[in-house]
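A look at the structure
The residues making up each chain are set out below.
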Amino acid sequence: MRIETLAAHAGLANDTATGAVVPPIHLSTTFERSADGSFPHGYSYTRSDNPNRAALEQCLCELEAGASWREAGLSAVTFASGMAAIMSVFQALNPGDHVVAPTDAYYGTSVLLRDTFTRWGLQVSFVDMADLTCVRAALLPNTRLVWVETPSNPLLKITDIAGVSRIAHEVGALCVCDNTWATPVLQRPIALGADMVMHSTTKYLNGHGDVLGGAIIGPTQLPIIERVRQLQRTGGAVPSPFDCWLVLRGLRTLPYRMRAHSDSAFAIARFLAGHPSVRATHYPGLESHPGHAIAARQMALFGGMLSFQVGGGAQQALGVAARLRVVTRATSLGSPESLIEHRASVEGPTTTTPQDLLRLSVGLEHVDDLLEDLDQALA
Ligand SMILES: *Cc1c(COP(=O)(O)O)cnc(C)c1O
C-alpha cells in the first residue's frame, strides 16, 4: 500500500465494545487483571503502555517503513516531546562513549549534548555533517553514535544519509537521523542505511501546532531500541492518551499536507531567489543549493522549510518580519499557518546564524497570498 493509504488506516482497530471507527481516548491510568492475575488486553498501567500510544506507535512504524513495515520489524517509542525522545537516545549510551553531532544540529540537541551529557561522561564532537571527510576525521575508537539532521536548521544544509551511515558502520557506530523536517513522506532514513529515526511529532506529524510530542523508531532487534523503551517506561516522559490521539489524527492527512507545504515552499524559494532585496535563499530544491543533488536523490520533495537573508543586519530582518500580515512571527514549524522567525535572536549571543537571516515555515495558506505578503514586506 502507498503512504496515503497507510496514513489513512494505520493504527485503526475498530473498537470492539462500540464499533466506533475512530478510536476512543483511553484516559484510564490502570487496567483490570483477570482472576488468574494476567492482563487480558496487554495493558496494566498507562506509564508502561496505553491503547492510544500503541496505536500511534504502530502508525509511525508503518509510515517510516513504508509498505514493508511488517517485514522491516520496526518499533516506535513515543515521548512527551521531541527533546525527551532525543534525551532517551543519549541516556541509552554509556559514560565514556563518543558521539559525533552536526555543528548546526537543532539548538536544543546541541545544548543537551554540551551542557547535560558531557557532564554525564559522554564525549561529543561537533562537525560539518555535509562534509563526509569531516565526519570520517571525527571518528574515535569509542564512537558509538553519529547524529544526523537533514535538512538542517536554519541553513537547510543537506547531509548524505547513506554516506554517513556507511562511515558510522565502518567503526561499529550507530547512525541516528532526526527526520523531523522531512517526515517519512519525503525521506526514509532507515531505508537509506540509518539505524534509527527521531521525530519531533510536535511539527509536521501532528501538523496543527497544538500538541508536543516525540518519537524514536528503529528495528525491534536493535538493542538500543529496547533500552530507549525502558527509559520511556521507567523515566516516564510519556505522551498523554489525548496527545497520542491528536498526533494520530494529524497523521491521517500528512502525505497531502507535505505535498502542499513543499509545493508552496518551492514557489516561494524561487520568488525570493529572484528578488532584488534578498541576498541569499536557502532551499534544497534550488539548483544553486550546494546540497541539491543529494537532496534530489534522498528526498521525494524538498519540504516546507526555507530561510533567506535580506542583507544588512538584525534590524533589516526584523523589519521585514514586522511588516508581514499573513505570516505569523513565532517559533516552531509544520503548522497550517506560516511562521517566520529571526533565529539569531532565539539562539542568543553565541549563535553562528547570520543576523540578517529569517527562517520561514511555509504553511497551508494559498501560495499567492504568501507571495503577495512577502512582496509587500520586502518592498
Ligand atoms: C522542534 C524540534 C526538535 C525538538 O522537539 P520538541 O517537540 O520541541 O521537544 C528536535 N529536532 C528538530 C529538528 C525540531 O525541529
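We now turn to the structure provided with this report. All values derive from a computational prediction rather than experimental measurement.

Description of unusual backbone geometry
Along the chain, Thr150 connects to Pro151 via a cis peptide bond; the corresponding omega equals -5 degrees. By secondary structure assignment, the location of Pro151 is in the loop between β4 (143–149) and α7 (161–170). Phi is positive for Leu156, which is not a glycine, with a value near 55 degrees. Here Leu156 shows up in the loop between β4 and α7.

A few points about the packing of aromatic side chains
With the rule as written, the count across this model stands at 8 aromatic pairs. Ring centres of Phe90 and Trp147 lie 5.3 Å apart, and the angle between their planes is 45 degrees; this geometry places the pair in the tilted category. Placement of the pair is Phe90 in helix α4 (residues 82–91) and Trp147 in strand β4, with a sequence separation of 57 residues. Classification of Phe90 by relative accessible area gives buried; the value is 1%. Measuring from centroid to centroid gives 5.7 Å for Phe266 and Phe302, while their planes differ by 85 degrees, and the two rings are edge-to-face. Note that Phe266 is positioned in helix α12 (residues 254–273) and Phe302 in the loop between α13 (292–298) and β9 (305–309), a separation of 36 residues in sequence. Overall, the relative accessible area of 14% leaves Phe302 in the buried class. One aromatic cluster is present, formed by Phe90, Phe117, Trp120 and Trp147 through successive ring pairs. The ring of Tyr256 carries the charged tip of Arg259 above its face, separated from the ring centre by 5.1 Å.

A word on a negative patch on the surface
Negative charge collects at one region of the surface, where Asp368, Asp369, Glu372 and Asp375 lie side by side. Structurally, the position occupied by Asp369 is in helix α16 (residues 367–378). On the basis of relative accessible area, Asp369 is assigned to the partly exposed category, the value being 41%.

Some points on helix α2 (residues 51–65)
In this model α2 runs 21 Å from its N-terminal to its C-terminal C-alpha over 15 residues, within 8% of the 21 Å that 1.5 Å per residue would give. Of all the 15 residues making up α2, 13 are buried; the element is thus mostly covered by neighbouring parts of the structure. The N-capping residue of α2, defined by a side-chain oxygen 2.8 Å from the backbone nitrogen of Asn52, is Asn50. Just downstream of α2 lies Gly66, where phi reads positive at about 75 degrees.

Section: the sheet that holds strand β10 (residues 328–329)
Remark on secondary structure: sheet strands pair via backbone hydrogen bonds, oriented parallel or antiparallel. Pairing is mixed in the open sheet, where 5 strands are placed in the order β8-β9-β12-β11-β10. At either margin of the open sheet sits one strand with a lone partner, and together these are β8 (280–282) and β10. The pairing of β10 with strand β11 (residues 339–341) spans 2 bridges and is classified as parallel. Directly across from Arg329, in β11, lies its bridge partner Ile340. Contacts from helix α14 (residues 314–323) reach β10, β11 and β12 (357–361), with the element oriented near 35 degrees to β12.

Side note on the site of the ligand
If you check the shell around the ligand, you find 14 residues, and the closest are Met83, Asp178, Ser200, Thr202 and Lys203. Here an oxygen atom of the ligand sits 2.9 Å away from a polar atom, N or O, in the main chain of Gly82. In this structure, Asp178 approaches the ligand through a side-chain N or O atom, which is 2.7 Å from a nitrogen atom. In the complex, 93% of the free accessible area of the ligand, which totals 380 Å², lies under the protein chains. Tallied by class, the residues present in the shell around the ligand amount to 5 nonpolar, 6 polar and 3 charged.

What to know about the pattern of salt bridges
Two side chains with opposite charge may pair up if their charged atoms get near one another. The full count for this structure, using the stated rule, is 12 salt bridges. Put simply, Glu341 and Arg343 hold a salt bridge, and the shortest N to O gap is 2.8 Å. The class of Glu341 is buried, set by a relative accessible area of 8%. Residue Arg343 is joined to Glu347 by a salt bridge in which the shortest nitrogen-to-oxygen separation is 3.1 Å. Here Arg343 pairs with Glu347, and both are found in helix α15 (residues 343–347), just 4 residues apart, close to one helical turn. With a relative accessible area of 4%, Arg343 lands in the buried category. Here the residues in one salt-bridge network are Glu341, Arg343, Glu347 and Arg359, joined through shared partners.

About the criteria used
- Residues numbered from 1 in each chain as written.
- Predicted model: local features only at pLDDT ≥ 70, side-chain atom pairs only at ≥ 80, totals over all residues.
- Heavy atoms only, no water.
- Helix = DSSP H or I, 4+ residues; strand = E, 2+ residues; numbered from the N terminus.
- Phe/Tyr/Trp six-rings, centres within 6.5 Å; stacked < 30°, edge-to-face > 60°.
- Buried < 20%, exposed > 50% of the residue type's maximum accessible area, 1.4 Å probe, protein only.
- Lys NZ or Arg CZ within 6 Å of the ring centre and 35° of its normal.
- Patch = residues over 30% accessible without salt bridge, like charges linked within 9 Å, V, L, I, M, F, W, Y side chains within 5 Å.
- Areas by Shrake-Rupley, 256 points an atom, 1.4 Å probe, with all protein chains shown as cover.
- Salt bridge = Lys/Arg side-chain N within 4 Å of Asp/Glu carboxyl O.
- Lys, Arg positive; Asp, Glu negative; His and termini not counted.
- Charge placed at Lys NZ, Arg CZ, Asp CG, Glu CD.
- Expected span 1.5 Å × (residues − 1).
- Polar contact = N/O pair within 3.5 Å; in protein donor to acceptor, adjacent residues only side chain to side chain.
- Pairing = 2+ DSSP bridges.
- Contact = heavy atoms within 4.5 Å.
- Axes fitted to C-alpha atoms, helices over the stretch in contact; angles between N-to-C directions.
- Near = heavy atom within 4 Å.
- Nonpolar A, V, L, I, M, F, W, Y, C, P; charged D, E, K, R; others polar.

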